[in-house]
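Commentary on secondary and tertiary structure
Letter by letter, the chains look like this.
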Amino acid sequence: MSLLIKQVLLNNERVDVYIEHNNFTAIKPKLSISTDTVIDGSRFAILPAFYNMHTHSAMTLMRGYADDLELHAWLEDHIWPLESNLVEEHVYHGTRLAALEMIKSGTVFFNDMYFFPYGTAKAADEMGMRADIAPVLVDGMDASRSDEMIAYAKEAIDHSDDYSSRVRFAVSPHAIYTVSADTLIKSAELARKENLPYQIHISESETEVKNSLKQFGLRPVQYLESLGILSPNVTAVHCVHLDDTDRKILKNRGVTIAHCPASNMKLSSGHFDYVSAKKAGLNIVVATDGACSNNNLSMLDEMKIATLRAKVNSGDPTIAPAQEIFDMATVKAAEAAGLNAGKIEVGMLADCMLVNLNHPTLVPSGHLISDMVYSANPECIDTVICDGNILMQDRKVKNEEEIIKGANEAYSDLIKK
Ligand SMILES: [Zn+2]
């Protein structure tokens, strides 16, 4: 498979971009190559695609299901009871819907934490996306269930070969208030041994911090540090409530923070202190969280909310400039996922999007990155390429109608159970 994109705008220059297999192989002002597929890029600019470092993709089925509630009431009274009815088929259809929405808004990778990981993996694989998929570990703070949890995680890892190399199983305990210390420790050991990513919700709400201090005598980050969990393969999701010691630990351990500003704002979880996190040198990436607490999976929205929120919280409009935020949704996130991607450069994985420079939100077209962060909506994204394959062209994704129908039927079945 090879693909030539002719005369596309890259960093204010018109170039030909040649993709062979799954890599950018040549980028020059003019290339004379005969190839399988040619795209006329003259209306487009080429940009890196988005890498969504935290979501629960199948929760698209719960979009709008339980809005306007406090985190713990939201989880305990609404989400968890509905989730107890889930089967793999629901997760498959919910993830296909999520993948459709993500592709249509320029995302090629998602870092997932949810139940029925094979449903998620099948959907991600079929849709041509990249994904790190972790079966969520929840033992209800019962250490006697620890071996069962690790066996569950291990079983998924052992199934990795059933899917394409774009799809990888990872390790993910839900949070310190739903998972025993035993499971946290053993799952971290498993992730390190298998050289896999490990993600966990940390310090999302003030209640979590208060309870952690009461139960463990330590703040959540310091509790995880005391258990030896934190290392560079860890993505700490949320981190809304950090003190200076927490930040220092996360920095020293090389942990990545997945900042999910829309979810944090919707659940009124508190103010993520962007300025202090940057000052501490932390690696921050932007992520959407699930569609039940967002309620969409658009990284465009997430970037805009992230920068606006950082500006409001700090009272400083120079904080979180467009390029910095764009990098947190593209190259920094790809790096955190261990992918050689996120830049349009020879030798990098061929993931990208073509944006329509005649779309009203990108006109006049002199400030592309600024427009992508502050102005763009998904409609300006014409083409999405992942691993050298075209997932969307002319805004059309394969099997769209069937995906929507499947998701609607899965939702009806889920709520009737
Ligand atoms: Zn989450």
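The paragraphs below set out a description of the structure included in this document. (Residues numbered from 1 in each chain as written. Predicted model: local features only at pLDDT ≥ 70, side-chain atom pairs only at ≥ 80, totals over all residues. Heavy atoms only, no water.)

Let us look at the side chain of Thr330. If you trace the backbone, Thr330 turns up in the loop between α12 (322-329) and α13 (331-336). A relative accessible area of 1% places Thr330 in the buried class. Within the local environment of Thr330, its side chain forms a polar contact with the backbone oxygen of Phe326, the two atoms lying 2.8 Å apart. Residues within four places of Thr330 in sequence aside, it is in contact with Pro48, Ala49, Phe50, Tyr51 and Gly342. (Helix = DSSP H or I, 4+ residues; strand = E, 2+ residues; numbered from the N terminus. Buried < 20%, exposed > 50% of the residue type's maximum accessible area, 1.4 Å probe, protein only. Polar contact = N/O pair within 3.5 Å; in protein donor to acceptor, adjacent residues only side chain to side chain. Contact = heavy atoms within 4.5 Å.)

Per the stated rule, a full pass over the model turns up six aromatic pairs. Centroid distance Tyr163 to Phe169: 5.7 Å. Interplanar angle 75°. Geometry classified as edge-to-face. Neither Tyr163 nor Phe169 differs from the other in exposure class; each is buried. Centroid distance Phe216 to Tyr223: 3.7 Å. Interplanar angle 5°. Geometry classified as stacked. Judged by its relative accessible area of 24%, Phe216 falls in the partly exposed class. Every member of this aromatic cluster is reached through a ring pair, and the members are Tyr118, Tyr163 and Phe169. Taking the ring centre of Tyr92 as reference, the NZ or CZ of Lys122 above it sits at 4.1 Å. (Phe/Tyr/Trp six-rings, centres within 6.5 Å; stacked < 30°, edge-to-face > 60°. Lys NZ or Arg CZ within 6 Å of the ring centre and 35° of its normal.)

Another aspect to go through is the pairing of strand β15 (residues 352-356). With five of five residues buried, β15 lies mostly within the body of the structure. A two-sided burial pattern is seen for β15, the buried positions comprising Cys352, Leu354 and Asn356 on one face and Met353 and Val355 on the other. Where strand β5 (residues 44-47) meets β15, four bridges bridge the pair, whose relative direction is antiparallel. Paired with Leu47 across the two strands is Met353, which belongs to β15. As defined by bridge partners, β15 adjoins strand β16 (residues 381-386) across four bridges and the pair is classed as antiparallel. Opposite Cys352, over in β16, you have Ile385 as the bridge partner. (Pairing = 2+ DSSP bridges.)

Let us look at helix α6 (residues 206-216). Side chains three or four residues apart in an α-helix point the same way, a direct result of the helix having 3.6 residues per turn. Among the residues of α6, those classed as buried are Glu208, Val209 and Ser212. Relative to the axis of α6, the buried residues are bounded by an arc of 95° and lie together on one face. Exposed residues on α6 whose side chains face more than 90 degrees from its buried face are Lys210 and Lys214. Each element contacted by the buried residues of α6 is listed here: β11 (198-202) and α7 (220-226). Following α6 by one or two positions, Gly217 adopts a phi angle in the positive range, close to 70°. (Arc of directions from axis to C-beta.)

In this section: α12. Turning to α12, its buried residues are Ala322, Ile325, Phe326, Met328 and Ala329. Considered in projection along α12, the buried side chains sweep an arc of 160° and stay on one side of the axis.

Every protein donor of the zinc ion is accounted for by His54 (NE2), His56 (NE2), His201 (NE2) and Asp289 (OD), and the metal-donor separations fall at 2.1 to 2.4 Å. Considering all four donor atoms around the zinc ion, angles at the metal cover 87 to 170° and the coordination shape is irregular. Taken in chain order, the donor set of the zinc ion reads H-x1-H-x144-H-x87-D. Residue His54 is located in strand β6 (residues 50-55), and its partner His201 is located in strand β11; the two are separated by 147 residues in the primary sequence. The same class applies to His54 and to His201, which are both buried. (Donors = N, O, S within 2.8 Å, 3.2 Å for Na, K, Ca; no water. Tetrahedral: all angles 85-135°; square planar, octahedral: opposite > 155°, others 65-115°.)

Moving on, we get to the sheet that holds strand β14 (residues 283-286). What the four strands build is an open sheet, ordered β11-β12-β13-β14; its pairing is parallel. This sheet does not close on itself; its edge strands, each paired only once, are β11 and β14. Across the sheet, the mean angle from the axis of one strand to that of its neighbour is 30°, orientation sign disregarded. Note: strand β12 (residues 234-238) against strand β13 (residues 256-259), three bridges, orientation parallel. Along β13, the bridge assignment pairs Val237 with Ala258. (Axes fitted to C-alpha atoms, helices over the stretch in contact; angles between N-to-C directions.)

Now for the nonpolar core. Among the nonpolar cores identified, the biggest contains 104 residues, and Leu184, Tyr198, Leu250, Tyr274, Val355 and Met372 are the most heavily contacted of them. Once you skip the residues sitting within four places of it in the chain, Leu184 turns out to touch Pro173, Ile176, Val179, Tyr198, Ile200, Tyr223, Leu224, Leu227 and Ile229. One finds Leu3, Val17, Phe24 and Phe44 within the second-largest nonpolar core, a separate group that totals 17 residues. (Core = buried A, V, L, I, M, F, W, Y, C linked by side-chain atoms within 4.5 Å.)

This brings us to the pattern of salt bridges. Summed over all chains, the structure comprises 22 salt bridges. Of the charged contacts, one joins Arg130 and Asp351 as a salt bridge, the two residues approaching to 2.8 Å between their closest N and O atoms. Pair noted here: Arg130 is in strand β8 (residues 130-137) and Asp351 is in the loop between α13 and β15, with a separation of 221 residues, a long-range link. Given the relative accessible area of 1%, Asp351 is considered buried. A salt bridge links Asp243 to Arg219; the nearest nitrogen and oxygen atoms lie 3.4 Å apart. (Salt bridge = Lys/Arg side-chain N within 4 Å of Asp/Glu carboxyl O.)

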